[in-house]
Amino acid sequence: MQLMNVRRISIGLLLFNLCLLAALGYLIYLLRFNPAQPVGATTKIVTNTVRQVAVRRINNPWLESLAGRPANWGALESTNYAVFIANLRAFGCPEETVRDIILSEVSKLYAKRRTALRAQLSRIEMDRFWITDASHATQSGDSLRAGLMEQLDELDKEQAALIRELLGVDFRSEMAKYWSEDNEQERRYSFLPVEKQGPLRDVLGKFEVMEQALYERTKGLLLDQDEAQILQIQRQRQAELAKLLTPEELEEYELRHSSTAAGLRSQLTGFQPTEDEFRKVFRLQKTFAENFSEAFDPTDDAQMQIKQRAQQNAQEAVQDEIRNALGEKRFAEYERAQDGDYKTLVQFAERFEIPRDMADKVYGMKQEAEKQQQRLLQNPLLTPEQRQAAMSAIVRETERAVAGTMGDQLFKNYRRVGGQWIDNLSPPPPPEVFETEPSQ
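For every chain, the first residue of the written sequence is number 1, and numbering continues from 1 onward in sequence order. Given that this is a predicted model, residues contribute local features only at a pLDDT of at least 70 and side-chain atom pairs are listed and counted only at 80 or more, while totals for whole chains, interfaces and linings are drawn from all residues. Hydrogens and water are ignored here; the side-chain numbers use all heavy atoms of the structure.

(A) Looking closely at the overall build of the protein chain. Across its full length, the protein chain carries 22 helices and zero strands. Expressed as a percentage of the 440 residues in the protein chain, the buried residues total 31%. For this analysis, residues touch if any pair of their heavy atoms sits within 4.5 Å. In the protein chain, the share of contacts with a sequence separation of at least 24, taken over all contacts with a separation of at least 6, comes to 59%. A run of H or I in DSSP counts as a helix once it spans at least four residues, and a run of E counts as a strand once it spans at least two, with each numbered from the N terminus. Burial classes: relative accessible area under 20% of the type maximum marks a residue as buried, over 50% as exposed, and values in between as partly exposed (1.4 Å probe, protein chains only).

Shown next, in the form of structure tokens:
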């Protein structure tokens, strides 16, 4: 479409030049055969009027710039992209149109090369219909397929490098503009200065390829040495990010895209932290991960034993710091959000669009029932039969209270998908004791 528009522009400019020349010829005709004589002016004979007027008009700088431009598309095109770009710019083509034309031309070139490689891949897959998984393919000596996949990856890198060299732009970002009005890449990293967004994607892309290669090589079965390599890749990526971004920018990136932040968002479902609370908890968890979880070599058995012994104490220390950062009331809600039964209640409330306070009420009933259960278990005056009967009564009362809060139909659904904790209130009955006859 862009090429057609450029051709139309070229034809339009050519017609415009012809119109200018026709107008110029008519002007010469008027000056030659019907010259205007100002009042009171003296007549002066000029023998080469046509030549003088024509030369004076054609030497106009604007006309000279038009006259020097190519008259057709063929004169602009070149098999050398750099020359092609220079011709387009010299012609006065808008920079955005230059990018569109070059992106289209380069994309068509690489699309042909990809099509040829994918055709080979397709033939391999169709001809080897009995292959069930990647490991079978490897055992069968399918190095050709792996080589073709590697060539496709190299084409992606080569195309991106060529576009950056020719136009100074990121290929993926430019192509994203054609996929939707909203540029996903720009939105993901809009918190950073524009000049750092491209280099950031380059760094992330490089280490993503390294991680993907490791996962493919291990077939998804990670041994201790593989975990150590992943940890090393992560450290290298973090070091390069620290060189590219300021400490403030790096924290903003990690708040949005780090595994620590992603895990924290999942962990805090139902807590609904404020921005300030999330930042505080994130910094504490990140410090814990850096100074404890990531500080041990997974291939060193001695270090891993030390880690296991220290992990509980370290986690408790982090929890104390979170308590101090949030305050007692919010910390209690933070702890509640870690309970899987509460997470299920929140999910259930969202699924059936019921008020969140209903989930809070049911969770309060759960806590109260579990306290009653503990008191019964710790009462030494009760016989097993009495304890069993009392707990059965707690189960019945809890079911009645929860059903009254939710309604019968919602409670039936909840009982199936998330109410297993009610069953856990009543321990199984004691095993029966069978009397044996005394031996003769």
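Read on for the rest.
(B) Region of the structure containing the side chain of Gln 373. Relative to the assigned elements, Gln 373 resides in helix H19 (residues 356-377). In protein, a polar contact means a hydrogen-donor-capable atom and an acceptor-capable atom, both N or O and within 3.5 Å, with residues adjacent in sequence counting only if both atoms are side-chain atoms; elsewhere, any N or O pair within 3.5 Å suffices. Among the polar contacts listed, one links the side chain of Gln 373 to the backbone oxygen of Asn 424, at a separation of 3.0 Å. Excluding residues within four positions of it along the chain, Gln 373 makes contact with Met 391, Ile 394, Asn 424, Leu 425 and Ser 426.

(C) How the structure looks around the packing of aromatic side chains. In this scheme Phe, Tyr and Trp rings, the latter by its six-membered ring, pair at centre separations within 6.5 Å, and the angle between planes marks the pair as stacked below 30 degrees, edge-to-face above 60, and tilted otherwise. Counted under the stated rule, the structure contains five aromatic pairs. Both rings, one in Phe 348 and one in Phe 352, keep their centres 4.6 Å apart while their planes meet at 45°; by these two values the pair is tilted. A relative accessible area of 5% places Phe 348 in the buried class. Among the residues examined, Phe 352 registers a relative accessible area of 30% and is labelled partly exposed. Ring centres of Phe 348 and Tyr 414 lie 5.4 Å apart, and the angle between their planes is 65°; this geometry places the pair in the edge-to-face category. Here Tyr 414 lies in helix H21 (residues 408-417) and Phe 348 lies in helix H18 (residues 340-351), a separation of 66 residues in the sequence.

(D) Focus on the pattern of salt bridges. By convention in these notes, a salt bridge is any Lys or Arg side-chain nitrogen within 4 Å of a carboxyl oxygen on Asp or Glu. Scanning the entire structure with this criterion turns up 32 salt bridges. A salt bridge links Glu 154 to Lys 157, with the shortest nitrogen-to-oxygen separation between them at 3.7 Å. Pair noted here: Glu 154 and Lys 157 are both in helix H8 (residues 143-167), with a separation of three residues, about one helical turn. Judged by its relative accessible area of 40%, Glu 154 falls in the partly exposed class. Overlapping salt bridges bring together Glu 251, Glu 252, Arg 256, Glu 275, Arg 279 and Arg 283 as one network.

(E) The arrangement of helix H11 (residues 194-218) in detail. To estimate how far a helix should reach, multiply one less than its number of residues by 1.5 Å. Taking 1.5 Å of rise per residue, 25 residues should cover 36 Å, and H11 covers 37 Å from first to last C-alpha, within 8% of that figure. Within the sequence span of H11, burial applies to Lys 196, Gln 197, Gly 198, Leu 200, Arg 201, Val 203, Leu 204, Phe 207, Glu 211, Leu 214 and Thr 218. Once H11 finishes, Lys 219 follows within two positions and takes phi at roughly 60°, a positive value.

(F) Broad picture of the packing of helix H12 (residues 224-244) against helix H13 (residues 247-257). Every angle, taken between N-to-C directions, lies between 0 and 180 degrees, and every axis is a line fitted to C-alpha atoms, over only the stretch in contact when it is a helix. With their axes 8 Å apart at the nearest point, H12 and H13 run at an angle of 135° to one another. Between H12 and H13, the interaxial angle falls into the category oblique. The crossing of H12 and H13 is right-handed. Within the contact between the two elements, H12 uses Gln 238, Leu 241 and Ala 242 and H13 uses Leu 250, Tyr 253 and Glu 254. In what follows, roughly perpendicular refers to angles from 65 to 115 degrees, roughly parallel to angles under 35, roughly antiparallel to angles over 145, and oblique to any angle outside these ranges. Helix crossings are classified by the rotation of the near helix relative to the far one: an anticlockwise turn of less than a right angle makes the crossing left-handed, while a clockwise turn makes it right-handed.

(G) Examining the confidence of the model for the protein chain more closely. Scored by pLDDT, the protein chain has a mean of 77; 68% of the residues are at 70 or more. The pLDDT value tells you how sure the predictor is about a given residue, anywhere from 0 up to 100. The secondary-structure element of the protein chain with the lowest mean pLDDT is helix H2 (residues 49-58), recorded at 34, while H13 shows the highest, at 94. Under a pLDDT of 50 for its full length, residues 26-68 has, in the predicted model, 22 contacts with residues more than four places off or in other chains. Residue range residues 134-141 is modelled with pLDDT below 50. Its contacts to residues more than four positions away, or to other chains, number seven contacts.

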